[in-house]
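Residue strings, one per chain:
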Amino acid sequence: MNAPETTISDERVASAGRVVRAEFTGSAGEYFRIWIVNLFFTLVTLGVYSAWAKVRKKRYFYGSTRFDGDSFDYFASPKAILKGRLVAAAIFVAYALGTELYPVAGLAFWAVAIPALPWLVVRALGFNAQNSAYRGLRFDFAATTWEAARRFAGMVALMIATLGLAWPWFVARYKAFMLSRHAFGASRFECQLPARAFYGIYLKAGLVVLAVGAPLAFALTFALSLAIARSESLQALAPLALLLPVAGGYIGYAVAYAYVQARTTNLQWAGTRGPGVRFESTLRARRLSTLYIQNFLAVAATAGLLIPWAVVRTLRYRLEHFAMIVDDAVVHEANPALAPVGAAGQELGDFFNMDLGL
Amino acid sequence: MSATQAVYFDGRTSRRHPVTVLLAGGKVKIVGCDVDLEYDARRVRRSLRIANTPRWLYLPGGGACVTDDNDAVDRITVKSGYERVLQAWESRPLYAALAVLLTVGLMFLAVDRGVPAVASVIAERIPLQAEAALGRQALEGIGRFGMGRSQLSPGRQAALEKRFAAMVAHAGETTPYRLEFRTGGPFGANAFALPSGVIVMTDDLVALAGDDREILAVLAHELGHVRHRHVMRRLLEGSLTGLVLAAVTGDIASASSLAAAAPATLLQLKYSRANETEADRFAIALMRANDVDPRYLGTLLARLEAQGPRKNRGIPTFLSTHPDTDERAALANRPDH
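Owing to the predicted nature of the structure, the values given are computational and were not obtained by experimental measurement.

A. Quick peek at the overall build of chain A. Helix and strand content of chain A: 11 helices and 11 strands. Out of the 358 residues in chain A, the part that is buried amounts to 36%. In chain A, 71% of the contacts between residues at least 6 apart in sequence involve partners at least 24 apart.

Put into structure tokens, the structure is as follows:
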């Protein structure tokens, strides 16, 4: 494993337990072959295989991620995923057609969809968590639909009342809610996130868009006009003058996006703990934004063929900057409410137990 | 008899137990420091191999064993057909290269042929009445955009309508349609088919035409859009390409959604051009059935291009909603086959 850019100071290690770094054993070459075969089979089967493809992809990444020598396991049933995808595709087509033909239908759709959203989110997170395991114990997402609905309603109401100014607060509350309702076996996580820090992040992100995007847009356009003025033969490039400011803005946005991702992820893990375990994430905004921009260029230039490479290197970077601080005395126990990992028929039953790919 | 090093988890706690897994006489034995278990081998399920990620043996009763020794697991188990196919495709570079070629080919086929064909089949099965609400809205919309009541005399309107109706009837065409004459407003000389079979023609276009047969040619072209359900097809093609692109790019949603939007837009334009060509063919056939020279379509297109703003010049065909005018005129001028 590569040497991490940032290390956790020794005294904290001594006081808090053993540092366990994530280890990622996957490679772009391996994943490329899995990805292209998944894509090929999906096309041949008119999309039906996409559910099996998703399970294979997830199992590859789970199996390639190790803490303390042990990897994760994912055992969702492809049939449950297929069911979810068929329903989602049908809803998508119905919505797209319905709103085009009868614009009023859009309102009706959202009138149904918005109240259903908490239910969908709880279902999807529950499906994913309960089908994920580490050391033979399932994870869980333990929020009820009613609890999620109450929280969402309250948060959205405040967002509207403050005309969106509550957004950073909203993000902090949302992340804290999601993380604190997750459990490993019977061990519940706790998560507390300071909204004030999120305000700082979003404020700075806004400044980043201006500070990076505007000068870049100006510089690119200026360079182009200079080139055209120099040489008549470059006249054909003139239409680019419309495109370059957009490109500059996009780069500014990508940098700000990476900044928000890096900082909120670091904060989110710093504020999360469980019985006998704390987390540390040390992502760097600069490195992450370079990754995103390189990924975008590579994927665009190869018409998508480098998608697996982009996915693997981004995940590798994220995992190499993630660590758990573990108290070895704590042994986690299974959640008795969930079927044990090895039980026959991993499918957890009813029709609505499906993956919605949220 | 075979022995494999593994780690056992009992499914009740997160404690790990290093063990040896033995297979002998149809029994799986799991032996370790404080573990001594035996199961009927037929009741032990195993995970499929994925590259060199760890393999799991799921035991009756909720325990599980995991091992890095993929080859050992492969040796002692019988692979299903699905597993053998996957392993062949995923482990050999030649197959991976073949998969790339086939995937690119299939994707091209899907968007070039599949999506328009499926959209067309579905569109023909949806009654024209489904577009009624949309058609009413579109008419109100163009009214707001300054396309007012036609200044043509009612007699002139009726004459054109009658001639076109006779042409349609003579060709045995039964597609329901309704003509709407309007002032051009910001659209100038123009004609278009709205949802639910409303064909709008502007006074400016009637004035521009050098011959009534040119007007009939345009009406025939617009009826082609109605006949082939292009409004509905455009909607369906949009949803279908959305589904195809979601399936393909589902992997890298956040960073490059812009990269996925560009091909979607180019595809919409490509389908639009295909629809224009189809409407041209319909118009040419309708005119031939009435012994009207199809070249009138080409002459009107030439007039439109000559008087129109220079906005379309210099835009490459792949960025345009309509095919190249010269190509369209050539289609109309082609001798009957």
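B. Inspection of helix α7 (residues 167-180) of chain A at higher detail. All names here are of chain A. Its 14 residues place the ends of α7 20 Å apart at the C-alpha level, agreeing with the 20 Å of an ideal helix rising 1.5 Å per residue. If you check which residues of α7 are buried, you get P168, V171, A172, L179 and S180. The buried residues of α7 occupy an angular sector of 145° when projected down its axis, which confines them to one face.

C. Spatial organisation of the interface of chain B and chain A. At the junction of the two partners, chain B supplies 47 residues and chain A supplies 49 residues. Where the side of chain B that touches chain A is concerned, the elements lending two or more residues are β6 (55-58), α2 (81-91), α3 (93-125), α4 (132-144), α8 (230-249) and α9 (257-289) of chain B. Counting residues per element, the side of chain B that touches chain A draws most heavily on α3 of chain B, which supplies 8 residues.

D. Representation of the confidence of the model for chain A within the structure. Residue and element names in this part refer to chain A. Scored by pLDDT, chain A has a mean of 83; 87% of the residues are at 70 or more. Note that pLDDT drops below 50 for residues 1-14; the model gives that stretch 12 contacts with residues more than four away or on any other chain. Counting interchain partners and residues more than four positions distant, the pLDDT-below-50 stretch residues 342-358 has 43 contacts.

E. View of the sheet that holds strand β10 (residues 277-281) of chain A. All names here are of chain A. As summarised here, the arrangement of the 11 strands in space is β7-β6-β5-β4-β3-β2-β1-β11-β10-β9-β8, forming an open sheet in which the pairing is antiparallel. Strand pairing shows two members of the sheet lacking a second neighbour, β7 (187-188) and β8 (190-191), which therefore form its edges. Its contacts with the sheet put helix α5 (residues 103-130) on β4 (132-134), β5 (137-141) and β6 (182-184), and the angle it makes with β5 is roughly 170°.

F. Broad picture of the nonpolar core. Residues Y31, I34, W35, I36 and F40 of chain A are the most contacted members of the largest nonpolar core, which totals 51 residues. At 10 residues, the largest contribution of residues to this core is made by helix α2 (residues 28-44) of chain A. Dropping the residues within four chain positions of it, I34 of chain A is found in contact with R56, K57 and Y60 of chain A together with I50, A51 and E90 of chain B. Formed by 39 residues, the second largest nonpolar core is a distinct cluster that contains A189, A279, Y296 and L297 of chain B.

G. Examining the sheet that holds strand β8 (residues 178-182) of chain B more closely. All names here are of chain B. Taken in spatial order, the 3 strands make up an open sheet running β8-β10-β9, and their pairing is mixed. Edge strands, defined here as strands with exactly one partner in the open sheet, are β8 and β9 (191-194). Across the sheet, the axes of successive neighbouring strands diverge by a mean angle of 25°, strand direction being ignored. Here 4 bridges tie β9 to strand β10 (residues 198-202), and the two strands are oriented antiparallel to one another. Considered in β10, the bridge of L194 is made with V198.

Reading the values: the criteria
- One numbering rule holds for all chains: residues counted from 1, following each sequence as written.
- Starting at A for chains and at 1 for ligands, labels are handed out in the order in which the entities are written.
- Owing to the predicted nature of the model, reporting of local features is limited to residues with pLDDT of at least 70; listing and counting of side-chain atom pairs is limited to 80 or more, with chain, interface and lining totals taken over all residues.
- Numbering goes from the N terminus for both helices and strands, where a helix is a DSSP run of H or I of at least four residues and a strand is a run of E of at least two.
- Three classes are used. A residue is buried when 20 or more other C-beta atoms lie within 10 Å of its own, exposed when 12 or fewer do, and partly exposed in between, with C-beta atoms placed from the backbone.
- Residues are treated as contacting if the C-beta atoms built from their backbones sit within 7 Å of each other.
- The span one expects for a helix is its residue count, reduced by one, times 1.5 Å.
- It is the directions from the helix axis to the C-beta atoms whose arc is reported.
- Per-residue confidence from the predictor is given as pLDDT, running between 0 and 100.
- Strand pairing is assigned whenever DSSP identifies at least 2 bridges connecting the two strands.
- Whenever a helix is involved, its axis is fitted only over the stretch in contact; in every case the axis is a line through C-alpha atoms, and angles between N-to-C directions fall within 0 to 180 degrees.
- Note on terminology: a nonpolar core is a set of buried residues of type Ala, Val, Leu, Ile, Met, Phe, Trp, Tyr or Cys, with members joined through C-beta atoms within 7 Å.

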